[in-house]
Structures are given as structure tokens and as C-alpha cells.
Amino acid sequence: MFQPPVCRPDRTGSQRNSLIVPLLLLLLLNGSLKAAQAAKPKGPGHTHLNSIRIDGDISLGGLFPVHARGHDGKPCGELKKEKGIHRLEAMLFALDRINNDNNLLPNITLGARVLDTCSRDTHALEQSLTFVQALIEKDGTDVKCLGGGSPIITKPERVVGVIGASSSSVSIMVANILRLFKIPQVSYASTAPELSDNTRYDFFSRVVPPDTYQAQAMVDIVKAMRWNYVSTVASEGNYGESGVDAFIQKSREDGGVCISQSVKIPREPKQLEFDKVIRRLRENPNARVVIMFANEDDIRRLLHAAKKANQTGHFIWVGSDSWGSKISPVVHQEEMAEGAVTILPKRQSIKGFDRYFISRTLENNRRNIWFAEFWENNFNCKLSRHAVKKGSGLKKCTNQERIGKDSNYEQEGKVQFVIDAVYAMAHALHNMHQELCPGKVGLCARMDPINGTHLLKHIRRLNFAGIAGNPVLFNENGDAPGRYEIYQYQIRNRTAEYKIIGHWTDQLHLNVRSMQWPGGVRQIPSSICSHPCQPGERKKIVKGIPCCWHCERCDGYQYQADTYTCKMCRFDLRPNENHTGCVPIPIVKLEWSSPWAVIPVLIAVVGIMATVFVVVTFIRYNDTPIVKASGRELSYVLLTGIFLCYATTFLMISTPDVGICSLRRIFLGLGMSISYAALLTKTNRIYRIFEQGSMSVSAPRFISPASQLAITFTLASVQLLGVCIWFGVDPSKAIIDYEDQRTSNPTMARGVLKCDISDLSLICLLGYSMLLMVTCTVYAIKTRGVPETFNEAKPIGFTMYTTCIIWLAFIPIFFGTSQSTEKMYIQTTTLTISVSLSASVSLGLLYMPKVYVVLFHPEQNVPKRTRSLKAVVTAATMSNKFNPKAALRPNGEAKTELCESLETQSFSTKQTYISYSNHAI
């Protein structure tokens, strides 16, 4: 160690060899902290306060967390048996092996200066200044003793490389100093991603992979478990904060993992801080998984806080390599840690180190100044008799205790990497010696002093088999490749242990079947923000949290187009049962078996049979007075129209196609047009006859059968002309109407196969027939005073009145059901029944009485005395004048009264039918 000279310096001397200002500041800083504490070395293995010195040709520095972080102003706390003593002894074990190896650094002995960082970066910085003191050359030319002699200046040993540190925050602090003096550093446990920055930490290397690999492995574990909502806990400092940052960055890059809470444990925390962390983690109970980048002490205290909050079995811990497979964080809180998944760089237990460490005693391990403290802690005894107090439960150490026999022993997880780090430095020095001192025994002039930059190049070029057989090599940033083992803390038969459940080397290999969760269950616990949406539901992402969403049902005619979108089905499709796609809407039409069709068809069949029966009867009795009196020509035309009205029912129910739709256009209005054209012609003829008879005895024009037929066909042809124009403008076709039965419930939606006849087109189609019907009704009203003896004025009148009532009832039923889901059935049935009833009224009132007389009272179907037209008209006119109430009397009564005054008494008791056939009416 450097010691200040005992002589008073001469300040008047030359200043040419004065030190560089930064080095002087560093020296002054360290002088008061270190030089006064150091004792002059007295021989190999001599110990210094808080440090171990082992003499050698080349000295390596060592930084180990022998003690925990102190509290209440104390720099150091309790001893760390595994993380401190095991790792320190691993370095000493490696040095012994190397110094005894004739093939590695032959005739060159490696020494060491090992320091205790006390798990605190600031304390480690103070300690590590010891490594650079030898590089600060103190020129004594400007210092003179009082007697004129030169001062005696003792220089400390020169450290060419440093093994450590353990904590990333400590390594970062120390690396900033070592790089100034070009001292290579090889860490066995620091994994912070920040240390991969070769521009800032160019002399730093490590035999463990950086946390970027570890973070990727942890992200892969989370995704393999199907967890997507996790919290993170980090110890304040480079290791914890950069580890969590790397995890968050990797989770964002890979996607599918969101952070619920990101909590930081401050430096030197009180227990209340851990209680506060647990309360924050409990704010979102869905985020059960907690990613931990925390130091060993913080892990232990956090588990204790969770246990105190009665959260056993709730949290699923995923720990970084700082937890690994250590026992100390889980002692006395095994149930709280059950199910924890931890990660550790792939390692093997070194059997040689086990034999070495178990054989350590107080006698053969005096070089380790902390071993006595370890001995007391490990065996729960005191070396000094005076330290044993009554009732304390402690005993005096006998020095006969043995590690592994009288105490539990399990090799610490980083022992392999400590040994590999020491061997990496030794191999680099060996390669450097072969290059600079070929064939020479021991160190040569070219390696005195050792160039740190040159040594670093040899470190980065290394590729050798480590103590466990794994290759030791570094990339351009000084990082080791990522190889991890995945552990789970399990309790089986009340025995807790870390069990290897997988490994990670660029990709994850996990044995899920061997995993066991709190309570001994095998089912993987969930840690998700939102449960998966059901089929047919879209995700509505919560703003800023892509793993949290609300599920919204694709309702109505929407289907789930993708995870986040609902779209409307095409007009001819409807969503399937779970709204994941669209299916064709069923096509419906009026079936023959439907009740809506059976009744109209039954009416039509009966009507057609009746019409045919009347036609056959009229043909059979074509020359009888009754048939002649009804106007045979117009009767056959009218019966044809009635037949077409009935036949329309079958067209309306038949499956629509181009042919059926064309026939519907033609015959739906044609049958009614022919019927009402014939009736209009008849009523018009009667009206004109009697209107003319009141003014003149001459016969009106166009009352002959031929004229009547011409008028009828002229009126009916107007209907055909309109239909032909309609065909020219809009050809007939069958369509599928998907709006007609597009209900709010898609399962009830139907496509209606129908003809392209809209409601407006139907009104136009039937409008002309209704015009004829109204006109005919007007004439029927005008001829209501004509006695029934003269043709069919009153039956026609009753027919038209009834028909008007039918169609007045049809209009509200037809158009009032336009919004009904049964529209097609109701409207078709209403229309066909209305048309059939109209035909039935005409058939029943106009022809059934005649058929009845012809068939059942043939005695009344006989020819009568023929009179001239003048006599007929005069008789009818005079009958109305003399007896205005004659029109209200029973059939034939008016004629009977007229005959009583004009004819003989013999005719007064008989009803009289007048035939117009002889009068050319």
C-alpha cells in the first residue's frame, strides 16, 4: 500500500515532474481513506483490514459481497455465507489450481487482493481505489527529508485485472474507475444490459450472459404460460432497473405482454417500503405474476411482506438470476415462495470445489480473514468463551465442527462462473506471455508492467473449456452467450427444493408437466387482464393497455371479421349462430302445403268447378228463354272473366319465375277487367235503353250482341295494352326480396322469392279493373229503379255493392300488413281470396238463380208472348210512373200490376219473363 513519506516536502523544488491533476485528486481522495488503514505487508498471506492479500508474480483483484449492506450508518451488515464466502473461496480455489498447473502460466504465480464490497456500490468504489494506487507514480525528487536524505516510499502491489463484481451497480461504479487506468475487469455475476455498452465500459467483460438474454428468456416463459398481464419489481440500481427495462422492451417487441405495475424498491429500504410494494401489487388482482429483478435481501424482505399481508398462494414470482436457486431468500417462508419460477445461467456443481470447501477448517484457511466469522455463523457458535452469554443458546466452537457434516452445505450457484472468470484472466495472461515472452521462463521485460489494453485483447479472443466443460468465450462487447436453466421452487411431501423444469439457449425448452403451483395444483394459474372474448365478440382495447379489453358482441347482422372488427353481412347473408361468419339467408315462398295457400286454393277449386258447371249448364240450355234473356254472348264473356279470376289463385301461389311472373302480370287484372267490362256493358245498355225510352221510342244505338261484345273487348283491351307497355318498359322477372322479411333477429330473416311487382305496380295493375268496377257500380245505382223483370239490373247492383265492400276491406288488410314478417303470406292470401270472392259474388248473384230455375223449375223456362220494343219500354216506363214503389216489390210484381191493366185476367196469377232476344236488345 502507498504510505506518505515521513519527511516534510520541499515546496521550492522543481515542479516539472508534478503529477497529473486528476491523479493527484484521486490520490488525495484515497489517502485519507486507505493509506491510513493499510499495514505494511509482512509476508505471503498477510491480511489487511477488509481485504485479503495473496502474494504472487501477478496480482488479480477480487470484489465479493462478503457482507450484506449495512444499516443505521454502518457500511456493512451481516455475513453472506453462500453469495459471499462461497464465491470468495471459489476464487482462492481457482488460484490454487492455476498455480499448481504446470501447463498454465508455468513458473508464474498468481496472487490476489480480495475486497469486500458489502453489497454497496459506494463502499465498493472506496475499496477498489486500492487497485489503482500502484499506478499512481509518486516522484520523490521534490521531497526531501530534514537530514537531506531521500524519502522512503512503499508502493502497493500492481493489480493487472479484477475479478468481479457481483452486483451490476457495483460493477458499473468500479468499471468507471478501472477503465481510466486500463485495468481489465471480468465479472462472474453482473448481468445489467448497460454493461454491454462497449463505448462506456470497454474494459469490462463477463462470463455470464447479460440481462437482455435473461429478459428474453423471462418473456418467453411468461408467453409459454399464456400470461399477458404481469407486474415488475426492481431494486433501485443498475441491475434491477436495467433488467426490468430490458424485460419491458422485449415484451413490447414480442407483443402480447403488458405491465400492470412497475414498482421500484429504493436503496436501503425500510420494512414499510415492502408493505407499500405489496399493496401496489394487490391493486390489480388479475396481475398475479410478478417479474423480479431484485437483490437477494430485497427478495427475502418482499416475500416476508407478502406473507404478513396474507397473500400466500396469490402471487406467482418469476425471479431473475439474483434469486436463482438460492436458499437464503426463502428460508422460513417456503410456502410464500412456492411455485416461483427462477432463472439462472446454466451451470454445474463443481465436485472439486465441494471437496475443497468441505475440507476447510480454521487451521488450514487462515488466509480468509472472514472465515472465522463464517465458522461462527455456520455452526451457530462463538470462538471466544467470553462472547458466549448464558441463555443465548450459543455454544463455544470446538474447532472440531465440519462443513457438510455438522451443518447443511449446498454449493452456491455462481461458483462455476467465479472459477471461469479467474481462469479467463489466467488464460489471457498465458496467451499474452506466449506472445510477448516466447520461450522464456517467468515474466519478461515486455510484461513488466503488463499492458491492460493488450491483455483485454487476449481476453476477448478467448475460447476455452470452462471448469464445467462449457465453452468460455466473449463477443465484441465482452458478453458471454446466453445459456440458462429454468427452476421452480416446489414443495413435495413438506420438502422444499428447486427443481429444474427447462432451459433456454436462444429459445425456450420448458417441461410444463413437471411444474407445480401453490397448493400442489397442476393447473397453470392465470395472470391475464381480460378473459378471451367468446366467438362472435370483438375486442375493444383499453386505451394504452393492449392486453386489456372489453368484449363487445357483434349483434344484429354483424359478424366477427377479425379480432377487433365487426362487419355487416352482405345483403343476402346473415350471421351464423355464433356470429363468426355469414351464411346464406334461407329463401322462402308460398308453399302449396301452407295454410295460407290451402284456403285460397280450396276456394278457387270450388269456384272453378262452379263456373264450369254454370258454363256447361248454359251450353246445355243455350236456347232456352232464361239463357237467352241473360244475354248469352256477354254471359259467356263474363263467365270467362270469372274463370280467370279463380285461375289467378294458382298463378299467385306457384313458384315465381319469368314465365309465372309474366302470366301474373297478364291475368291478375285481365280476369277482373273482362268481368267488370261485361257487367259495365250490361248496366250501360239497360241504362241507355230506359233513358232513351223516357224521351223516345226509338232504340238506342249499340245494343246489339255484336256491339256489346265489341264494347266489352274494347274495354278489356285497355288492360292488355297497359300490360304490354309495362312489359316493354320493365320486363318481368323473379327476384329474391331480402328486405321483406329482414327482421331485427337475424335468425328469423328470410329471403322472399317473388315477382318484381311492387305495391305501386299492383295498384296500377288493379286500378283499371277497379275503375271499371266503380263505373259499373255507378250505373247499377242509376238503374236501381228498373224492375228486375228487365234483364239483370238489380242482381248486378247487388253484385257491385258487395264487390265494393270486399275491395274496401282488401285495401287496409293488404297495405296495413306491409311491415309484417308474414307480409308475403297475408298479402298473397288476401289478394287471391278478394279476387275469388269478387268472382264468387258475380257467379252467385247473377247465374246461380238462373241455373236453379233452369234445372229445378223448367216450367218457368218457357217462351212468352212477344211484344215490340215500344210496348216493352212503354210498359216499364208507365209502371214506374203509376207505381213508383214497384221497384221495391217482389220479383215480377211490377210486371204483374202492369199486366193486370193491359192483359187478360188469366195472366195475372203468373209471373212473366220477357225475352229481349226478339227485340234485338
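Up top is the structure these notes are about.
Quick caveat: nothing in here was measured; it's all calculated off a predicted structure.

A short note on the overall build of the chain
- When helices and strands are counted, the chain shows 24 helices and 30 strands.
- Expressed as a percentage of its 921 residues, the buried residues of the chain come to 52%.
- Taking the intrachain contacts of the chain between residues at least 6 apart in sequence as the baseline, contacts between residues at least 24 apart amount to 69%.
- Within the structure as shown, the chain displays about 42,400 Å² of accessible surface, and the carbon and sulfur contribution to it stands at 56%.

Concerning the sheet that holds strand S11 (residues 258-265)
- Sheet architecture is open: eight strands sit in the order S11-S10-S12-S13-S14-S19-S20-S21, paired in mixed fashion. Where the open sheet ends on each side, the last strands, each with one partner, are S11 and strand S21 (508-510). Within the sheet, the average angular offset between the axes of one strand and its neighbour, ignoring direction, is 25 degrees.
- Taken together, the six bridges between strand S10 (residues 229-235) and S11 define a ladder with parallel strand orientation. For alanine 234, the partnering residue across the bridge sits in S11 and is lysine 264.
- In the packing of helix H7 (residues 271-281) onto the sheet, contacts are made with S10, S11, strand S12 (289-293) and strand S13 (316-319), and the angle to S11 comes to roughly 175 degrees.
- Sitting on the sheet, helix H8 (residues 296-308) touches S10, S11, S12 and S13, and the angle it makes with S13 is about 175 degrees.

A word on the state of the cysteines
- Using the criterion set out here, one finds nine disulfides in the structure.
- Disulfide pairing places cysteine 569 opposite cysteine 582 at an S-S distance of 2.0 Å. Its S-S torsion of about -85 degrees marks the bond between cysteine 569 and cysteine 582 as left-handed, since a negative value means left-handed. Taken together, the residues cysteine 569 in the loop between strand S25 (565-568) and strand S26 (573-575) and cysteine 582 in strand S27 (residues 582-584) connect sequence positions 13 residues apart.
- Paired by a disulfide, cysteine 661 and cysteine 755 hold their sulfur atoms 2.0 Å apart. Residues cysteine 661 and cysteine 755 are joined by a disulfide whose S-S torsion is about -90 degrees; by sign, that bridge is left-handed. With cysteine 661 in helix H17 (residues 658-693) and cysteine 755 in strand S30 (residues 750-755), the pair connects residues that are 94 residues apart, well separated along the chain.
- Not engaged in a disulfide, the cysteine cysteine 776 finds its nearest cysteine sulfur in cysteine 804; these two sulfurs lie 8.8 Å apart.
- Given the relative accessible area of 0%, cysteine 776 is considered buried.

A short note on the nonpolar core
- Met91, Leu110, Tyr188 and Leu429 are the most contacted members of the largest nonpolar core, which has 67 residues in total.
- Considering every element that reaches this core, the biggest residue donor is helix H12 (residues 415-436), with 14 residues.
- If we ignore the near neighbours within four places in the chain, the residues touching methionine 91 are Leu60, Gly61, Gly62, Phe64, Ala112, Val114, Ile163, Val418 and Val422.
- Core analysis: the next-biggest nonpolar cluster, separate from the first, contains 49 residues, Leu639, Ile642, Trp726 and Leu766 among them.

What to know about the pairing of strand S24 (residues 558-562)
- When S24 meets S25, the two strands line up antiparallel, connected through four bridges. In the strand pairing of S25, glutamine 560 is matched with cysteine 566.

A short note on the sheet that holds strand S28 (residues 587-588)
- On the basis of which strands lie adjacent, the open sheet formed by three strands has the order S28-S30-S29 and mixed pairing. At either end of the open sheet lies a strand with only one pairing partner, and these are S28 and strand S29 (734-741).

Observations concerning the packing of H12 against helix H13 (residues 452-460)
- Viewed as axis vectors pointing N to C, H12 and H13 meet at an angle of 115 degrees, and their least axial separation amounts to 8 Å. As H12 runs across H13, the sense of the crossing is right-handed. Touching Met425, Ala428, Leu429, Asn431, Met432, Glu435 and Leu436 of H12 are His454, Leu455, His458 and Ile459, all from H13.
- Among the residues forming the contact of H12 with H13, the class breakdown is seven nonpolar, three polar and one charged.

Calculation notes
Residue indices begin from 1 for each chain and proceed along its sequence in written order. Where totals are concerned, whole chains, interfaces and linings use all residues; where local detail is concerned, this predicted model gives features only for residues with pLDDT of at least 70, and gives and counts side-chain atom pairs only at 80 or more. Side-chain descriptors were evaluated using all non-hydrogen atoms of the structure, hydrogens and water having been removed beforehand. Labels follow the DSSP assignment, with helices taken as runs of H or I lasting at least four residues and strands as runs of E lasting at least two, numbered in each case from the N terminus. Any residue under 20% of the maximum accessible area for its type is buried, any over 50% is exposed, and the rest in between are partly exposed; the area is computed with a 1.4 Å probe on protein chains only. Any pair of residues with heavy atoms lying within 4.5 Å of one another is described as a contacting pair. With residues, only the protein chains shown are counted as cover, and all accessible areas are computed by Shrake-Rupley using a 1.4 Å probe. Strands were regarded as paired on the criterion that DSSP finds at least two bridges between them. Only the stretch in contact is used when fitting a helix axis, every axis being a line fitted to C-alpha atoms; angles between N-to-C directions are given from 0 to 180 degrees. To count as a disulfide, a pair of cysteine sulfur atoms needs to be within 2.5 Å. Working definition of a nonpolar core: buried Ala, Val, Leu, Ile, Met, Phe, Trp, Tyr and Cys residues. They are joined through side-chain atoms within 4.5 Å. By definition, turning the near helix anticlockwise from the far helix through less than a right angle yields a left-handed crossing, and turning it clockwise yields a right-handed one. When residue character is reported, Ala, Val, Leu, Ile, Met, Phe, Trp, Tyr, Cys and Pro are called nonpolar, Asp, Glu, Lys and Arg charged, and the others, Gly included, polar.

Remember, this is a structural readout, not a statement about activity or role.
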